[in-house]
Amino acid sequence: MPRTAKTVEVPAIGELDRQAGQLSLQLAQALRAAINRGELKPGDLLPSTRVLAGALQLARGTVLAAFEQLTAEGFLEAQPGSGTRVALSLHRQPPAPVSLADICDIPLSSQAQALAQFAGQLRPLPPIPFTVSVPINDTAPDDVWRRLGNRIRARGPGAPAGYGDPLGALPLRKAVCEYVRKSRSVLCTPEQVIITSGTQQGLYLATQILLDAGDTAWVEDPAYHGITAIFNHLFRDRLMARVPLDAEGIDVAAGSQIAPQAKAVFVTPSHQYPLCMPMSMTRRLELLAWAKESRAWVIEDDYDSEMRYSGHPFPSLQGLDPGRVVYLGTFSKILFPSLRLGYAIVPRPLVDAFCGARVLMDRHPPSADQHVLASFMAQGHLDRHIRRMRGVYAEKRRVLTEAINAHVSAELATLHPSCQGMHLVLWLKAGLDDQRVARRAAEAGVAVSALSPMYAIGSGKSGLILGLGGYDELQIHRAAQRLNQVLVALANTG
């Protein structure tokens, strides 16, 4: 039964912000919260509007407006001659504790289950040796970036504004066009540049736009999880043909046998991920010849092309055939991963399609950082930053190579030769399960990624990916020692 009504003291509702205005709304929110917390119970009689107004030093009309609002919402009820009470209809049993079963009573679709499993595979590793993509403090553009950002966001083009161009800010597209022309021999105009949130979004857009249901694309074997998952979990009506690699890159002859009618090919020719080697010029020309004959698109993920420590990088595939190649790049790796800015450079007939898909996805990238990055590039900071990065990462690569050779048994693991990139591959001897090694290494305070899951099922080779990130020399040597201890223990236990 309802409690016997009586006049109660109004619970403390905290200070009202008189400068913010809308005092009746603030009072209504405070009383509503008190009712929801159980501090005011069904049937409780509230002070009169005159008394409450005097206590809170408010105009009586302000209190009346709050009472009227809560009465309309059903929280209060007023009866002539009896005052205003908390509504009796709110008297009910307290809700039962919410359990996980109550929340998840709707079965997950197979799509949701697959994506949830994939999310678990890509959760960031802790920033300890040898996690990939941990920025090195010596290369951080913090001071310059902060000064530019403060100026451009406050008064310049990065200040809050309306909707932007779905293709991205024009100053950044112009800067990208000039940058890739000089550094990668890419041929384009700013109108062909689409600013993305990184290479992953570029891969998603390319798959969505270039392939119809039932179409097949070649994908390297092994390959980056981000591209294989797009086919496995998102566009399952498109087909993925895994094409093996050799020392020169993707095996075009094998691809022609496996999927001769493919409509596209996804490749990382500058620095194959994860195996690190560049695609030879002979193989590049062979791939482009196949694409021309097959009337197929080439999607070039120019992964880690900036980080080459000896010799000169090959020119981009796009520069060899700009009408057939979609070129993807990112600034997240060379500046800092949280930046989330990349770009796609597409043949002119594809610009509108990419623009339309971008509008449906997220309209356009956030504007402020685009203008900061455009200014950073235009003032020459990016070129200087990359030169500094090459020197720092070359030294990290030397230290890591030295540490592995010094502390890891050559009978258990060997480094894959590489002259570029931000990671190294450590091949494990037959019988060592790289996924098991990765788990045991994590327990020992060493972060490595297993290589075998990046292969097609049944073709995987056991290896580890070691990042060159922001760790000092002592950390690297100690981590190599702990990794060797893990390998020895697992080799001895079988």
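The protein chain carries the name PLP-dependent aminotransferase family protein in an unreviewed UniProt entry, which gives Serratia quinivorans as its organism. For the protein chain, the Sequence similarities (unreviewed entry) comment in UniProt is given as "In the C-terminal section; belongs to the class-I pyridoxal-phosphate-dependent aminotransferase family."

A.B. asks: In this structure, what is going on with unusual backbone geometry? I would like to understand it.
C.D. replies: Most peptide bonds take the trans form, and the phi angle of most residues other than glycine is negative. Along the chain, Asp221 connects to Pro222 via a cis peptide bond; the corresponding omega equals 10 degrees. The topology assignment puts Pro222 in the loop between β4 (216-221) and α9 (225-234). Omega for the bond connecting Tyr273 with Pro274 falls within 30 degrees of zero, at 15 degrees, which places this linkage in the cis form. Structurally, Pro274 is set in the loop between β7 (264-267) and α11 (281-294). Even without being glycine, Ser185 reaches a positive phi, approximately 60 degrees. In this structure, Arg363 takes a positive phi of about 70 degrees despite not being glycine. The residue Arg363 is located in the loop between α13 (351-362) and α14 (367-378) in this model. A relative accessible area of 40% means that Arg363 is categorised as partly exposed.

A.B. asks: How should the nonpolar core be read in this particular structure?
C.D. replies: Generally speaking, nonpolar side chains in soluble globular proteins are found buried as a group. Among the nonpolar cores identified, the biggest contains 65 residues, and Phe130, Phe331, Leu335, Tyr343 and Leu373 are the most heavily contacted of them. The greatest single-element share of this core, amounting to nine residues, is contributed by helix α15 (residues 381-407). Not counting residues up to four positions away in its chain, the partners in contact with Leu373 are Trp145, Leu172, Phe331, Leu335, Leu339 and Leu341.

A.B. asks: Just checking my understanding: could you explain empty space enclosed by the protein for this structure?
C.D. replies: Unoccupied space between atoms shows up once a probe the size of one water molecule is rolled over them. All chains considered together, the criterion is met by two cavities of 30 Å³ or more. Considering only enclosed or pocket space, the largest cavity measures out at about 120 Å³ in volume. What lines the largest cavity is a set of 13 residues, among which Glu220, Ile227, Phe266, Thr268 and Asp301 lie closest to the centre. Along the lines of polarity and charge, the residues of the lining of the largest cavity split into nine nonpolar, two polar and two charged.

A.B. asks: When you look at the packing of helix α7 (residues 170-184) against α14 in this model, what are you seeing that I'm missing?
C.D. replies: Taken N-terminus to C-terminus, the directions of α7 and α14 make an angle of 40 degrees; their axes are 8 Å apart at the nearest point. It follows from the interaxial angle that α7 and α14 lie oblique. Two packed elements cross with a definite hand, and for α7 against α14 that hand is left-handed. Contacts from Pro171, Leu172, Ala175, Val176 and Tyr179 of α7 reach α14 at Gln370, His371, Leu373, Ala374 and Met377. Class assignment for the residues of the contact of α7 with α14 results in eight nonpolar, two polar and no charged.

A.B. asks: So what exactly am I meant to see when it comes to the sheet that holds strand β11 (residues 413-415) here?
C.D. replies: Two pairing modes exist for strands in a sheet, parallel and antiparallel, and in both the strands are linked by backbone hydrogen bonds. Taking strand neighbours across the sheet as the criterion, the four strands line up as β11-β12-β14-β13 in an open arrangement whose pairing is antiparallel. Whereas interior strands pair on both sides, the edge strands pair on one side only; in this sheet they are β11 and β13 (449-450). Here strand β12 (residues 423-428) runs beside strand β14 (residues 463-467); their pairing, made up of five bridges, is antiparallel. Counted as the bridge partner of His423 is Gly467 from β14.

A.B. asks: What am I meant to see in the UniProt feature "domain: HTH gntR-type" (unreviewed entry) in the protein chain here?
C.D. replies: The UniProt record marks residues 21-89 with the feature "domain: HTH gntR-type" (unreviewed entry), using the residue numbering of this structure. Regarding residues 21-89, the helix share stands at 54% and the strand share at 12%, and the terminal C-alpha atoms are separated by 32 Å.

A.B. asks: Help me understand α11, please; the structure alone is not making it clear to me.
C.D. replies: Every α-helix carries 3.6 residues per turn, so stepping three or four residues along brings you back to the same face. Counted at 1.5 Å a residue, the expected span for α11 with its 14 residues is 20 Å, and the 20 Å between its end C-alpha atoms agrees. Buried within α11 are the following residues: Arg283, Arg284, Leu287, Leu288, Trp290 and Ala291. Seen end-on, α11 carries its buried residues on one side only, within an arc spanning 155 degrees. Every exposed residue of α11 that faces more than 90 degrees away from the buried side is listed here: Thr282, Lys292 and Glu293. Where α11 terminates, the next one or two residues include Arg295, which has phi positive at roughly 55 degrees.

Each value, and the rule that gives it
- Residues numbered from 1 in each chain as written.
- Predicted model: local features only at pLDDT ≥ 70, side-chain atom pairs only at ≥ 80, totals over all residues.
- Heavy atoms only, no water.
- UniProt positions renumbered as here; feature names shortened; annotations may be inferred.
- Helix = DSSP H or I, 4+ residues; strand = E, 2+ residues; numbered from the N terminus.
- Buried < 20%, exposed > 50% of the residue type's maximum accessible area, 1.4 Å probe, protein only.
- Core = buried A, V, L, I, M, F, W, Y, C linked by side-chain atoms within 4.5 Å.
- Contact = heavy atoms within 4.5 Å.
- 1 Å grid on protein atoms, 1.4 Å probe; cavity = no way out; pocket = protein on both sides within 12 Å on 5 of 7 lines; lining within 4 Å.
- Points joined across faces, edges and corners; volume = space filled by probe spheres on them.
- Nonpolar A, V, L, I, M, F, W, Y, C, P; charged D, E, K, R; others polar.
- Axes fitted to C-alpha atoms, helices over the stretch in contact; angles between N-to-C directions.
- Parallel < 35°, antiparallel > 145°, perpendicular 65-115°, else oblique.
- Left-handed = near helix turned anticlockwise from the far one by under 90°.
- Pairing = 2+ DSSP bridges.
- Expected span 1.5 Å × (residues − 1).
- Arc of directions from axis to C-beta.

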